[in-house]
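The primary structure of each chain is shown beneath.
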Amino acid sequence: QVQLVESGGGLVQAGGSLRLSCAASGRTFNLLDMAWFRQAPGKERVFVAAISGSGRKTNYQDSVRGRFTISRDNARNAVYLQMISLKPEDTAVYSCAARVTSTLLAARDLLYNYWGQGTQVTVSS
């Protein structure tokens, strides 16, 4: 079993920055691919970014590429999402997810087995 706890959400003005963190426990962290998803009110959950267990591979949704950076610290069992140039359309609940590492860096939420409770990010215009 894997436990995931997100932190770092909040209210920020458009153009601002936030850094989300996700602390993991319960399994050897470098054996987990990690991802961030987000869900806006009334909309489906969508993929934001993913990183492989080693940290060597990353993948991003097109709308955040160049603005968001996913990273991980395997010594601290943590994954991060640095977000810059935030836009009102980035407003959502951001959730951290994990799955046993695979050759495919998945972007589908159904492929992730473990989820955090989410953290709210609100970007005002």
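Here, residues in each chain are numbered from 1, in the same order as that chain's written sequence. Only residues with pLDDT of at least 70 are given local features in this predicted model, and only at 80 or more are side-chain atom pairs given and counted; all residues enter the totals for whole chains, interfaces and linings. As a rule here, side-chain values cover all heavy atoms of the structure and leave hydrogens and water aside.

**Considerations on the overall build of the protein chain**
In this description a helix means any DSSP run of H or I spanning at least four residues, a strand means any run of E spanning at least two, and both kinds are numbered starting from the N terminus. A tally of regular secondary structure across the protein chain gives 0 helices and 11 strands. Helices (α) and strands (β) of the protein chain occur, in sequence order from the N terminus, as β-β-β-β-β-β-β-β-β-β-β. Each radius of gyration reported is based on C-alpha atoms, and the globular scaling rule is 2.2 Å times the count of residues to the power 0.38. The globule rule puts the C-alpha radius of gyration for 125 residues at 14 Å, and the 13 Å found for the protein chain is close to it. Overall, the C-alpha framework of the protein chain stretches about 40 × 25 × 25 Å when taken along its three principal axes. Within the protein chain, the fraction of its 125 residues that count as buried is 44%. Per element, the accessible surface of the protein chain, about 6,300 Å² overall, is 48% carbon and sulfur. For the protein chain, the separation between the mean place of its 14 positive charges and that of its 8 negative charges on side chains is 5 Å. Only protein chains enter the area calculation, which uses a 1.4 Å probe; residues under 20% of their type maximum are buried, those over 50% are exposed, and those in between are partly exposed. We get accessible surface area from the Shrake-Rupley algorithm with a probe of 1.4 Å; when it comes to residues, only the shown protein chains can shield them. Positive charge is attributed to Lys and Arg, negative charge to Asp and Glu, and no charge count is given to His or to the chain ends. By convention, the charge on Lys lies at NZ, on Arg at CZ, on Asp at CG and on Glu at CD.

**A few points about unusual backbone geometry**
The phi dihedral of Asn-77 is positive, around 55°, even though this residue is not glycine. With respect to the secondary-structure elements, Asn-77 resides in the loop between β7 (68-73) and β8 (78-83). Accessibility expressed as a relative area gives 27% for Asn-77, which makes it partly exposed. Despite not being glycine, Ser-85 shows a phi value in the positive range, around 50°.

**Here's the deal with the sheet that holds β8**
If you trace the 4 strands from one edge of the open sheet to the other, you get β1-β3-β8-β7, paired in antiparallel fashion. What marks the edges here is a single partner per strand, and that holds for β1 (3-7) and β7. Averaged over neighbouring strand pairs, the angle between their axes works out to 15° when direction is ignored. At least two bridges found by DSSP between two strands are what make those strands a pair. Sheet analysis places β1 next to strand β3 (residues 18-25), joined by 5 bridges and oriented antiparallel. Residue Gln-3 lies in a different strand from β3, and its bridge partner there is Ser-25. Note on geometry: axes are C-alpha line fits, over the in-contact stretch for helices, and angles between N-to-C directions span 0 to 180 degrees.

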